[in-house]
Amino acid sequence: MIQSILISEAQIQAKLDEIAEQIRADYGDRPLLLLAVLKGSFLVVSDLCRRLGDNVTVDFVQVSSYGNGRKSSGNVQIRKDLDINIEGLDVLIVEDIVDSGQTLDHLLQILRTRNPNSLKVFALLSKPTARVLHVPLDYVGFEIPDAFVVGYGLDFAERYRNLRDIAVLSEDESSLAP
Ligand code: PRP
């Protein structure tokens, strides 16, 4: 059950306007690959890419560590690799949330070996108090407290991804997670 709305749809969209403007200023007309980390980032990458120019392309990677639970297992695995070769490209990873940092740390290590021209990170949400590994975040939407959040792509046992807002899950439900 949803306990409360943490970040409204309007707040999310306003923040994306702001960050897209920053990205456009930083990259100019250079081609930019948005690399969305599935599944959680499917909505934010859709909204972000439509705010950027004609030189933007999108690809997807799936790196899974959570399963249906609420804590990262630390056992990070690539479940779906990119379709394209990123050598020489400007790549912006698009994450819905950075929690412990383990998923992103692992992904950054892999992608660096593929020699992109640049590799930066956009995270819609960051939970600084949950961080186990330091990871560099270039664009951050919102820093949030250490609550279990769902909506706008984020799930609990695959549910709630379709909420328009980002919400806090009730303790009753989130405590059922393995
Ligand atoms: C979530 C999220 C990040 C990761 C962050 O993915 O999308 O990729 O966890 O956690 P970390 O910083 O502790 O590593 P999840 O594994 O839940 O998969 P999903 O996006 O398919 O729901």
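Note: the structure precedes this text.
Residues numbered from 1 in each chain as written. Predicted model: local features only at pLDDT ≥ 70, side-chain atom pairs only at ≥ 80, totals over all residues. Heavy atoms only, no water.

Looking at the environment of Val121
Next, step 1: Relative to the assigned elements, Val121 resides in strand E6 (residues 118-126).
Next, step 2: Judged by relative accessible area, Val121 falls into the buried class, the value being 1%.
Next, step 3: As for Val121 and Leu89, which are separated by 32 residues in sequence, their C-alpha atoms are 14 Å apart.
Next, step 4: In contact with Val121, not counting residues within four places along its chain, are Leu92, Ile93, Leu104, Leu108, Pro136, Leu137, Asp138 and Tyr139. (Helix = DSSP H or I, 4+ residues; strand = E, 2+ residues; numbered from the N terminus. Buried < 20%, exposed > 50% of the residue type's maximum accessible area, 1.4 Å probe, protein only. Contact = heavy atoms within 4.5 Å.)

Section: the site of the ligand
Next, step 1: Near the ligand lie 17 residues; those nearest to it are Glu95, Asp96, Ser100, Gly101 and Thr103.
Next, step 2: Take Asp99: an N or O atom from its main chain is 2.8 Å from an oxygen atom of the ligand.
Next, step 3: A distance of 2.6 Å is found between an oxygen atom of the ligand and a side-chain nitrogen or oxygen belonging to Ser100.
Next, step 4: For the ligand, whose free accessible area comes to 500 Å², the fraction covered by protein is 93%. (Near = heavy atom within 4 Å. Polar contact = N/O pair within 3.5 Å; in protein donor to acceptor, adjacent residues only side chain to side chain. Areas by Shrake-Rupley, 256 points an atom, 1.4 Å probe, with all protein chains shown as cover.)

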